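Here are the chains, one letter per residue:
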Amino acid sequence: MTARSLIDRILQQEDLNFLLTNRIPRRWLTLFVGWLSRIEQPWLCAACIALWRLFSDLDLSEAKCSRFVSLRDCFTRELKQGARPIDADPSVLASPCDALVGACGAVTEGSVVQAKGFPYALIDLLGDPELVRYYRDGNYATLRLTSSMYHRFHAPYDCRVEQVNYISGDTWNVNPIALRRVENLFCKNERAVIRCRLPSGALLTLVPVAAILVASIRLRFLDVRLHLRYRGPNLIPCDVSVAKGEEMGWFEHGSTIIVFAPHGVALGAKIREGDRIRMGQALMEFDALRRS
């Protein structure tokens, strides 16, 4: 039995997985990893990547660079030109990131689903009654980035970023085991609520949610890094145009992005919970919205 297969067997035991990834000093471990990941020492970076490979299916063959100066440099790696084609269909809302599709579907009475049997209220996630009313008949998709995935996220469609609301919080793991055990997990964790206005006038909202070992969200159009020690302002007005597929920011590990779209925008016919999706592939379709 290889070391990787042994680790996989251990981590598949739910109680142990939850204990090892949550019942620890989450905040301090996250701050420590953030410090460690910024050390620019080639030997340390190589050792950390080797350890990382034991716990994941890390594949760096698509990376733009083959050498990294730090672990953070590897986490936030760019990809080779053309590695992620963007679906150019004007009726398609593209996935903003590489991900595993989590809970998705219709917003019901102001609530969505975290995991089976675990609904949560939009007001607790978004903190904005206006947005909750806006999405009352809308749809959503939860996109989970694993630690080995490409960590940058991109604009799902041509839009203008109007506002970012940074909400400080905890750093619970966001894997399926934790989602089945911790109620309102996404509403507890650190996150940013990004309001994006589409050319039609409709509002699309992206919610990048940080997690253990992450707790750092970087947006290209802001001159601050949103992380555990950031103290505000919480509401940050913006007026930034981004094109479909253009990079918006990145996580400094892996985490989750929840996409909210209004009535008239439906999940793609092939989108199912548990599917793997790549940045640029069709996530939602909004023909009805474009015809309105």
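Preceding this section is the structure that the text describes.
Participant: Describe in detail the state of the cysteines, supporting the description with residues and values.
Facilitator: Per the counting criterion, the structure on display carries zero disulfides. Looking at Cys-159, it has no disulfide partner, and the nearest cysteine sulfur is the one in Cys-196, 4.3 Å off. Residue Cys-159 is classed as buried on the basis of its relative accessible area of 5%.

Participant: Talk me through the packing of aromatic side chains; I want residue IDs and the actual numbers.
Facilitator: Applying the stated criterion across every chain, the model contains six aromatic pairs. An angle of 80° between the planes, with centres 4.7 Å apart, marks the rings of Tyr-157 and Phe-286 as edge-to-face. Of this pair, Tyr-157 sits in the loop between strand 6 (152-154) and strand 7 (159-167) while Phe-286 sits in the loop between strand 17 (282-285) and helix 10 (287-291), and the two are 129 residues apart along the sequence. An identical accessibility class is assigned to Tyr-157 and Phe-286; each is buried. Lying across the ring of Trp-250, Arg-152 places its NZ or CZ 4.5 Å from the centre.

Participant: Describe in detail the sheet that holds strand 9 (residues 203-209), supporting the description with residues and values.
Facilitator: Taken together, the eight strands give an open sheet; going across it, the order is 12-7-8-9-14-5-2-16, and neighbouring strands pair in antiparallel fashion. With partners counted over all chains shown, the strands left at the sheet margins are strand 12 (235-242) and strand 16 (276-277), one partner each. Summarising the sheet, strand 2 (residues 99-106) and strand 16 pair through two bridges and their orientation is antiparallel. The partner of Ala-99 across the bridge, within strand 16, is Ile-277.

About the thresholds
Residues numbered from 1 in each chain as written. Predicted model: local features only at pLDDT ≥ 70, side-chain atom pairs only at ≥ 80, totals over all residues. Heavy atoms only, no water. Disulfide = S-S within 2.5 Å. Buried < 20%, exposed > 50% of the residue type's maximum accessible area, 1.4 Å probe, protein only. Phe/Tyr/Trp six-rings, centres within 6.5 Å; stacked < 30°, edge-to-face > 60°. Helix = DSSP H or I, 4+ residues; strand = E, 2+ residues; numbered from the N terminus. Lys NZ or Arg CZ within 6 Å of the ring centre and 35° of its normal. Pairing = 2+ DSSP bridges.

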